[in-house]
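# Working through the structure, step by step
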Amino acid sequence: MNRIIGSNLMKSTSSILVRNQSIAPIKSFSTTPIINSSQVSEEDYNTKNSFKPIEESFAVVHISGKQFKVIKGDIIMTDRINVDVGEHIVLDKVLLVGTKSQTMIGTPLVENVKVHAYIEEQPKTEHVTIFKHKPRKNYKRTTGFQALATYIRIGDIIQK
Amino acid sequence: MNIDKIFKLAKGFYGRSKNCKSLARERVEKGLEYNYVSRKLKKRDFRQFWIQRINAGSRIHGLTYNDFSRGLTASDVQINRKILSELAVSEPYSFKSLVDHSKNILSHLHKNTYSPKEI
Amino acid sequence: MSRAIFKNPLTASHLWHVVDASGHRVGRLATKIADLLRGKHKPIFDKSAPLDCGDYVVVLNAHKIEFTGKKWDQKMYRKHSGYPGGLKETVAKDMLVKEPEHIIRHAVMGMIPKNDSKIYLGQRLKIYDGIFNPHQGQITNTPSSPLALNMGPYVEPELNPSQKQLDEYYAGYKLQIDNNSESFDILETKVRSHKDQLKRERRLLRKKRVGELKPLKSASIKKDN
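Quick caveat: nothing in here was measured; it's all calculated off a predicted structure. Residue numbering note: each chain is counted from 1, following its sequence as written. Each chain is given a letter, starting from A, and each ligand a number, starting from 1, according to the order in which they appear as written. Totals for whole chains, interfaces and linings use every residue, but because this is a predicted model, local features are given only for residues with pLDDT of at least 70 and side-chain atom pairs only at 80 or more, for both listing and counting. For the side-chain quantities, the full set of heavy atoms in the structure was used; hydrogens and water were omitted.

With that settled, the discussion passes to unusual backbone geometry. A negative phi holds for most residues other than glycine; trans holds for most peptide bonds. The omega angle of the peptide bond from A:Thr107 to A:Pro108 is -10 degrees, so this bond is cis rather than trans. In this structure, A:Arg136 is a non-glycine residue whose phi angle is positive, near 65 degrees. Mapped onto the fold, A:Arg136 is located in the loop between strand E10 (128-134) and strand E11 (139-145). Burial here depends on accessible area, computed with a 1.4 Å probe over protein chains only, as a share of the maximum for the residue type. Under 20% is buried, over 50% is exposed, and the range in between is partly exposed. For A:Arg136, a relative accessible area of 75% puts it in the exposed group. Positive phi, normally seen in glycine, also occurs at B:Asp76, with a value near 65 degrees. Here B:Asp76 shows up in the loop between helix H3 (65-74) and helix H4 (81-90). Helix numbering and strand numbering both begin at the N terminus, where a helix is a DSSP run of H or I of at least 4 residues and a strand a DSSP run of E of at least 2.

So, about the side chain of A:Gln67. Examined against the element boundaries, A:Gln67 turns out to sit in strand E4 (residues 66-70). What makes A:Gln67 buried here is its relative accessible area of 1%. In protein, a polar contact requires one atom able to donate a hydrogen and another able to accept it; more generally it is a pair of N or O atoms within 3.5 Å, and residues adjacent in sequence count only if both atoms are side-chain atoms. Looking at A:Gln67, its side chain comes within polar contact range of the main-chain oxygen of B:Gln78, at 2.9 Å. A distance of 2.8 Å separates the side chain of A:Gln67 from the backbone nitrogen of B:Asn80, its partner in a polar contact.

The next point concerns a positive patch on the surface. A patch is a set of surface residues, each over 30% in relative accessible area and not in a salt bridge, joined within 9 Å for like charges and within 5 Å for the nonpolar side chains Val, Leu, Ile, Met, Phe, Trp and Tyr. Every accessible area reported is derived by Shrake-Rupley at a probe size of 1.4 Å, with residue values counting cover from the shown protein chains alone. The rule for a salt bridge is simple: a side-chain nitrogen of Lys or Arg has to be within 4 Å of a carboxyl oxygen of Asp or Glu. Here the positive residues are Lys and Arg and the negative ones are Asp and Glu; neither His nor the chain ends is included. Every charge is mapped to an atom, namely NZ of Lys, CZ of Arg, CG of Asp or CD of Glu. There is a patch of like positive charges on the surface, built from C:Lys199, C:Arg200, C:Arg202, C:Arg203, C:Arg206, C:Lys207 and C:Arg209. Among the structural elements, C:Arg203 can be located in helix H10 (residues 181-210).

Inspection of every chain in the model, using the stated rule, returns 12 salt bridges over all chains. Measuring nitrogen to oxygen at the nearest pair gives 3.3 Å for the salt bridge that ties A:Lys69 to B:Glu91. On the criterion of chain membership, the pair formed by A:Lys69 in strand E4 and B:Glu91 in the loop between H4 and helix H5 (92-106) is interchain, its members lying in two chains. C:Asp55 serves as the salt-bridge partner of C:Lys42, at 2.9 Å between the closest nitrogen and oxygen. On the criterion of sequence distance, the pair formed by C:Lys42 in the loop between helix H2 (26-38) and helix H3 (50-53) and C:Asp55 in the loop between H3 and strand E2 (56-60) is long-range, its members being 13 residues apart. For the residue pair C:Lys42 and C:Asp55, the accessibility class agrees, reading buried in each case.

Our focus in this paragraph is the nonpolar core. For the purposes of this section, nonpolar cores are sets of buried Ala, Val, Leu, Ile, Met, Phe, Trp, Tyr and Cys residues that join through side-chain atoms within 4.5 Å. Judged by nonpolar contacts, the single largest core of 27 residues is most densely connected at C:Ile33, C:Val57, C:Val59, C:Ile104, C:Val108 and C:Leu125. Of all the elements in the fold, those that place two or more residues in this core are H2, E2, helix H5 (92-98), helix H6 (100-109) and strand E5 (125-127) of chain C. Of the residues forming this core, the biggest block, seven residues, is contributed by H2(C). Between two residues, a contact is recorded if the distance between any of their heavy atoms is within 4.5 Å. Leave out the neighbours within four places in its chain, and C:Leu125 touches C:Ile33, C:Leu37, C:Val57, C:Val59, C:Arg105 and C:Val108. A:Leu95, B:Tyr65, B:Leu84 and B:Leu109 belong to the second largest nonpolar core, which has 23 residues in total.

A few words on the environment of B:Phe95. Residues and elements named next belong to chain B. Within the secondary structure, Phe95 sits in helix H5. Sequence separation of Phe95 and Glu29 is 66 residues, and the distance between their C-alpha atoms is 45 Å. The contacts of Phe95, once residues within four sequence positions are left out, are Ile54, Gly57, Ser58, His61, Phe68, Leu84, Leu87 and Ala88.

Here we come to the sheet that holds strand E1 (residues 16-20) of chain C. Residues and elements named next belong to chain C. A pair of strands is treated as paired once DSSP finds two or more bridges between them. Judged by pairing direction, the sheet is parallel, and its three strands sit side by side in the order E1-E2-E5 without closing on themselves. Each edge of the open sheet is held by one strand with a lone partner, namely E1 and E5. Taken pair by pair, the neighbouring strands of this sheet meet at an average axis angle of 15 degrees, ignoring direction. Pairing analysis gives five bridges linking E1 to E2, with the strands arranged parallel. Note on E2: the bridge partner recorded for Val19 is Val59. The angle between two axes is taken between their N-to-C directions and runs from 0 to 180 degrees, where each axis is a line fitted to C-alpha atoms and a helix contributes only its stretch in contact. Sheet strands in contact with H2 are E1, E2 and E5, and its direction is about 150 degrees off that of E2. Set on the sheet, H6 makes contact with E2 and E5; between it and E5 the angle comes to about 155 degrees.

So, about the interface of chain B and chain A. On the chain A side, the residues contacting the 27 residues of chain B number 31 residues. When two parts are brought into contact, each loses some accessible area as probed by a 1.4 Å sphere; the total of that loss over both is the buried area. Of the roughly 2,600 Å² buried at the junction of chain B and chain A (both faces included), carbon and sulfur atoms supply 60%. Summed over the shared surface of chain B and chain A, the number is two salt bridges. By the convention adopted, Pro, Cys, Tyr, Trp, Phe, Met, Ile, Leu, Val and Ala count as nonpolar, Lys, Arg, Asp and Glu as charged, and the other residues, Gly among them, as polar. Residues that form the side of chain B that touches chain A fall into these classes: 11 nonpolar, nine polar and seven charged.

Here the focus is the confidence of the model for chain A. Per-residue pLDDT for chain A averages 78, and the proportion of residues at 70 or more is 75%. Confidence drops under a pLDDT of 50 for residues 1-31 of chain A, and excluding neighbours within four residues, the segment shows 46 contacts in the predicted structure. pLDDT measures the predictor's confidence residue by residue and takes values from 0 up to 100.

Once that is clear, we can look at the environment of C:Gly82. Looking at where C:Gly82 falls in the secondary structure, it is placed in the loop between strand E3 (76-80) and strand E4 (87-91). Along the sequence, C:Gly82 and C:Pro50 sit 32 residues apart, while their C-alpha atoms lie 32 Å from each other.

Taken together, the four strands give an open sheet; going across it, the order is E4-E3-E7-E8 (chain A), and neighbouring strands pair in antiparallel fashion. Edge strands, defined here as strands with exactly one partner in the open sheet, are E4 and strand E8 (103-105) of chain A. Between one strand and the next, the sheet's axes are offset by a mean angle of 15 degrees, whatever the strand orientation. Packing against the sheet, H4(B) makes contact with strand E3 (58-63), E4 and strand E7 (94-98) of chain A, and its axis sits at approximately 20 degrees to E4(A).

Below, the structure written as C-alpha cells:
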C-alpha cells in the first residue's frame, strides 16, 4: 500500500515526532508539555533559546489527545497534567499557526513553533451519575464519575 | 439511590412524578438511562455536525469534503474535525489555505486513492 | 454548539437567492433550492437551527420548467379529500397549465426533512410565474454575499472529450461492418477481449489497493473436510 501516512499522532499520548512508524521512537524527545523546571520566566526562555513571539496569532495545539484552537490569554480545560499550580510549561505540539498575513500548516507538526502556558487550577470536573439498568433481570447499578482536569492559561506563541 | 437524591433530580417533572416516591423513582431512573445512552450518542452527533460544516466550507472553494480530507490525510495533516469546523466558521482565510494545500496534494495523487500518480 | 454565531448579523443575516427556472429540470433544481432553504451551503450550518441559518429563494418563470422522459404524460399529482371516492389526480401536463408553481414546490418540499420547521422553510420559498420579481426591494436591503446563488436560465453543459477518452470509449468497436458473418465474428471476439482486458485491469487495481494477496486458508480447510 502506497498510502503516505506517518505515525498516528492522535492515538499516542506521548509526543513522538517520527514520520514513519518503522523508525523507533527516540526516547530523548521532549514530551508535551515540557516542564520548565528551572522556573525561568517567558522572556528568559525566549532569549535563552532564541525564540520570538508571534503577535496577533492563533495556534492549534495538541494536548493529551485533544486539540484546541488557542490565542494569547485563553483559559482552556484539559485532562490532568501532573504539574504544580502556577508553574510555567511549554506546549510543543503545534499543528497550525495563523497570523494576519500567513498560515503555517504542519505535516503533522509545525517546526520551531511553541506555546507558553501556565497551570491555573487542578480541579475535578462536574460529577456524572452513571446508572445502569437491565429490565426484567433485577439488575441496577449506580456509580459516579469525576474526571481529573487542569485549567491552563495560554501565554505567547513563539517562533525560532 | 437515596430517595432524597431522587426527589432532587425529579424537580420540575410533570404531574405526580415529582411528589410520589415510586413514580419519581421510575421517572428518574428512566431519565438516567437515557442520560447514559446519550453520552455515547453525543460523540457521533458532534462528528456528523462538524463534517457538515467542513463540507459547506470546502465547497465554497470548489472541493467536496471527501476530496478535502483525502488531500489532508495524504499529506499527513492531522488536525481533527472539531478544529477544522471551527476554522471554517471563524478563520475563513486559514481554512482557505488548508483547502489550497489539499488541492495541491490532490494534483499529485492517482484518481481516488492515497497513492501517488504513476507516470 | 453555542448559538453565539447566530447573534452576529454579518454571518447570520438571511440571504436572498434569485433563480430563473426556464429550461431547468425539476429534480435537479429542487435539490439546489432545498439546500439553500436549509442553509447547507453555509459554514455556520446547524441542523438544529434551520430557521436561523436558512435563506430565502425566489423562483421566476415557473411555467418554463422542464421534465425529462415521458413525465409530462405519466407523472401524476394526487390528493385525497378523505371521503370515499375523493381521490383527485392531475397529470403533470395539466398541472403546468393549472398551477405551475405547485410542480416546483411539491418537488422541493419532498426534499426538506419532515419535521416542524418544514412549514416555515416552505414559507421562505417564493415562486412566480412571470419574470417580475416583487421582492427586489427586500433583496437590496440585505448585505451582499458571495454565497448568494443567482442562477440564470439553463445552459447545456459542453462536452469536450479528449481523443484518448474517445478511443477508450469506442475501443473494440472500430471495425467496418460488412454483411459477412466472418467480420461479425471478428468484431465479437474483439469486444470480448477488450472487456476481458478491462476486467483484468480492474482486478490488478483491486490487488494493489489491498496491498498483497492473503494466505490461502480456504485450501487447507477443504482438505480437512
